[in-house]
Amino acid sequence: MVSRAERTPFAAWWWTIDRLMLAALGAIMLGGIILSLAASPPVAARIGLDPFYFVDRHIMYLVPAIAVMLATSFLPPRQIRRIALVVFIVSFAFVVATLFFGAEVKGARRWIVLLGINIQPSEFLKPAFVILISWLFAESSSKSDVPATTLSLVLLLAVVGVLVLQPDFG
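Note that this is a predicted model, so its numbers are computed, not measured.

Rules and cut-offs
- Residues numbered from 1 in each chain as written.
- Predicted model: local features only at pLDDT ≥ 70, side-chain atom pairs only at ≥ 80, totals over all residues.
- Heavy atoms only, no water.
- Salt bridge = Lys/Arg side-chain N within 4 Å of Asp/Glu carboxyl O.
- Helix = DSSP H or I, 4+ residues; strand = E, 2+ residues; numbered from the N terminus.
- Buried < 20%, exposed > 50% of the residue type's maximum accessible area, 1.4 Å probe, protein only.
- Phe/Tyr/Trp six-rings, centres within 6.5 Å; stacked < 30°, edge-to-face > 60°.
- Contact = heavy atoms within 4.5 Å.
- Core = buried A, V, L, I, M, F, W, Y, C linked by side-chain atoms within 4.5 Å.
- Pairing = 2+ DSSP bridges.
- Axes fitted to C-alpha atoms, helices over the stretch in contact; angles between N-to-C directions.

### Let's talk about the pattern of salt bridges
Argument step 1. Using the criterion set out here, one finds one salt bridge in the structure.
Argument step 2. The partner of K126 in a salt bridge is E123, and the shortest N-O contact between them spans 2.9 Å. Taken as a pair, K126 and E123 lie in helix 5 (residues 122-142) at a separation of three residues, close to a single helical turn.
Argument step 3. What makes K126 partly exposed here is its relative accessible area of 45%.

Right under this line is the structure:
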């Protein structure tokens, strides 16, 4: 086990991370794999694909997601806020770009192709939005001159407004 006396980055991470939350996330990921194993083979067979095509893709995307999650958990809060701001700006720009350049599927434009990969920028926008709004409210509690409610409402209306134009809410 890792001692509290150790001063390694891993030890500092281990004693500050919410281990129960980490275990819950692991259980959700494992449950997703199990549900993919149960539900996707008949669908894949019906459309003429390998029975485990969707399971393989699920795991293929889960591996880098775990790596990003663990790498992010090592960052200090200040770095996370900075990254969230950049991710919010870039993904908001891509959400707007999907309205003009995104592929239309069943009347909705939610996906954009970058370097041959289909990306749904709203999925990156959501966590960055939550971090930014949390940051605003935390700053307003320590500094009374920060108009957190007004800024968060403006950001919310901007995000919702662009997402409503896509027009699928799934």
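### Remarks on unusual backbone geometry
Argument step 1. Even without being a glycine, L115 presents a positive backbone phi close to 55°.
Argument step 2. Within the secondary structure, L115 is located in the loop between strand 2 (108-114) and strand 3 (117-119).
Argument step 3. What makes L115 exposed here is its relative accessible area of 89%.

### Notes on the packing of aromatic side chains
Here a ring pair, both rings aromatic, is described through the centre-centre distance and the interplanar angle of the planes.
Argument step 1. As enumerated under the stated definition, the model contains seven aromatic pairs in all.
Argument step 2. Taking the centre distance of 5.1 Å and the plane angle of 10° together, the rings of W13 and F74 count as stacked. Taken together, the positions of W13 in helix 1 (residues 9-16) and F74 in the loop between helix 3 (53-73) and helix 4 (77-101) put the pair 61 residues apart, joining distant regions of the chain.
Argument step 3. On the basis of relative accessibility, which here comes to 42%, the residue F74 falls in the partly exposed class.
Argument step 4. With centroids separated by 5.2 Å and ring planes inclined at 80°, the aromatic side chains of Y53 and F54 adopt a geometry described as edge-to-face.
Argument step 5. By relative accessible area, which is 31% here, Y53 ends up partly exposed.
Argument step 6. A connected cluster of aromatic rings, assembled from ring pairs, spans F10, W13, W14 and F74.

### Overview of the side chain of T98
Argument step 1. Its location among the elements puts T98 in helix 4.
Argument step 2. Sequence-distant contacts of T98, that is, excluding residues within four places in its chain, are made with R109, R110, W111, I112, P121 and Q166.

### Observations regarding the nonpolar core
Argument step 1. Core analysis: the biggest nonpolar cluster contains 11 residues, these being F88, V95, L125, A128, F129, L132, I133, L136, A148, V159 and V162.
Argument step 2. The set of elements that each furnish at least two residues to this core consists of helix 4, helix 5 and helix 6 (148-164).
Argument step 3. Element by element, the count of residues in this core is highest for helix 5, at six residues.
Argument step 4. When residues no more than four places from it in sequence are discounted, the contact partners of A148 are L136, F137 and S140.

### Observations regarding the sheet that holds strand 3
Argument step 1. Taken in spatial order, the three strands of this open sheet run 1-2-3, and their pairing is antiparallel. For this open sheet the edge positions go to strand 1 (103-105) and strand 3, each flanked by a neighbour on one side alone. The sheet shows a mean angle of 40° between the axes of neighbouring strands, direction not considered.
Argument step 2. Here helix 4 sits on the sheet and contacts strand 1 and strand 2; the angle it forms with strand 2, its principal contact strand, is near 105°.

### Some words on the environment of I80
Argument step 1. Locating I80 in the fold gives a position in helix 4.
Argument step 2. Judged by relative accessible area, I80 falls into the partly exposed class, the value being 25%.
Argument step 3. In this view, I80 contacts T72, L75 and I131; residues no more than four positions away in its chain are not counted.

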